[in-house]
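# Per-entry structural report
Take a look at the letters that make up each chain.
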Amino acid sequence: QVQLVESGGGLVQAGGSLRLSCAASGRTFSNYGMGWFRQAPGKEREFVAAITGSGGSTSYTDSLKGRFTISRDNAKNTVYLQMNSLTPEDTAVYYCAARMGVLGSWRYWGQGTQVTVSS
C-alpha cells in the first residue's frame, strides 16, 4: 500500500508559478513510477506528467512541455511538479499517482490539491 498526500496548491495570478509536492509513505518509493494528473471543472481527468522510479526519464502531455517540470527526491519520498507561466486554463484539482514500472496502471492516488489561476 502507498499513501500519497499532495500539497502546494493555492491561488496564483496569471503568469505566476507554483510548485506542488506529493509525499509518499508505505513501500519503497523508488520502486514506483509517479505521475501528475489534473481535472478541471466539468472536464475529464487528464495526464500532466510522469517520472520513472529512478527519476531518469520523464514524460509530459505535449501542451504543457516547457512550462511544467516533474522531478522527484527519493531520499525524501517526494515528487514535485513545478508549474510556470500559469494561465487560468491551468485551474484544476491536481492529483499525484503511483504505479509499479512504466507500463502498469496508476494504482494509488492522492486526494488532490486545488490550483486556481486568476486572470
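As shown above, the structure is provided for reference.
Residues numbered from 1 in each chain as written. Predicted model: local features only at pLDDT ≥ 70, side-chain atom pairs only at ≥ 80, totals over all residues. Heavy atoms only, no water.

## As for the packing of aromatic side chains
Definition in use: A pair of Phe, Tyr and Trp rings is counted when the ring centres sit within 6.5 Å of each other, with Trp represented by its six-membered ring. The angle between the planes then sorts it: under 30 degrees is stacked, over 60 is edge-to-face, the rest tilted. Only DSSP runs of H or I with at least four residues qualify as helices, and only runs of E with at least two residues qualify as strands; both kinds are numbered from the N terminus onward. Type-normalised accessible area, obtained with a 1.4 Å probe on protein chains alone, sets the label of each residue: buried when under 20%, exposed when over 50%, and partly exposed for intermediate values. Here, over-ring charges are defined by two tests on the NZ atom of lysine or the CZ atom of arginine: distance to the ring centre within 6 Å, and angle to the ring normal within 35 degrees.
The tally for this structure, following the rule as stated, stands at four aromatic pairs. Taken together, a centroid distance of 5.6 Å and an interplanar angle of 75° make the contact between Phe37 and Phe47 edge-to-face. With a gap of 10 residues between them, Phe37 in strand S4 (residues 32–39) and Phe47 in strand S5 (residues 46–51) connect regions that are remote in the sequence. What makes Phe37 buried here is its relative accessible area of 9%. Since its relative accessible area comes to 26%, Phe47 is described here as partly exposed. Sitting above the plane of the Tyr95 ring, Arg45 keeps its charged end 4.0 Å from the centroid. Stacked on the ring of Trp109, the Lys or Arg Arg45 has its end atom at 4.5 Å from the ring centre.

## A few points about the pairing of S5
The cut-off we apply is this: By the convention used here, strands pair only if DSSP detects at least 2 bridges between them.
Pairing of S4 with S5 involves five bridges; the strand directions are antiparallel. Following the sheet pairing, Trp36 is matched in S5 by Ala49. Counting the residues between successive antiparallel strands, the hairpin from S4 to S5 contains six residues, one of them, Gly42, with a positive phi of roughly 75°. Two strands pair when backbone bridges link them, and S5 and strand S6 (residues 58–60) are joined in this way by three bridges, in the antiparallel orientation. Along S6, the bridge assignment pairs Ala50 with Ser59.

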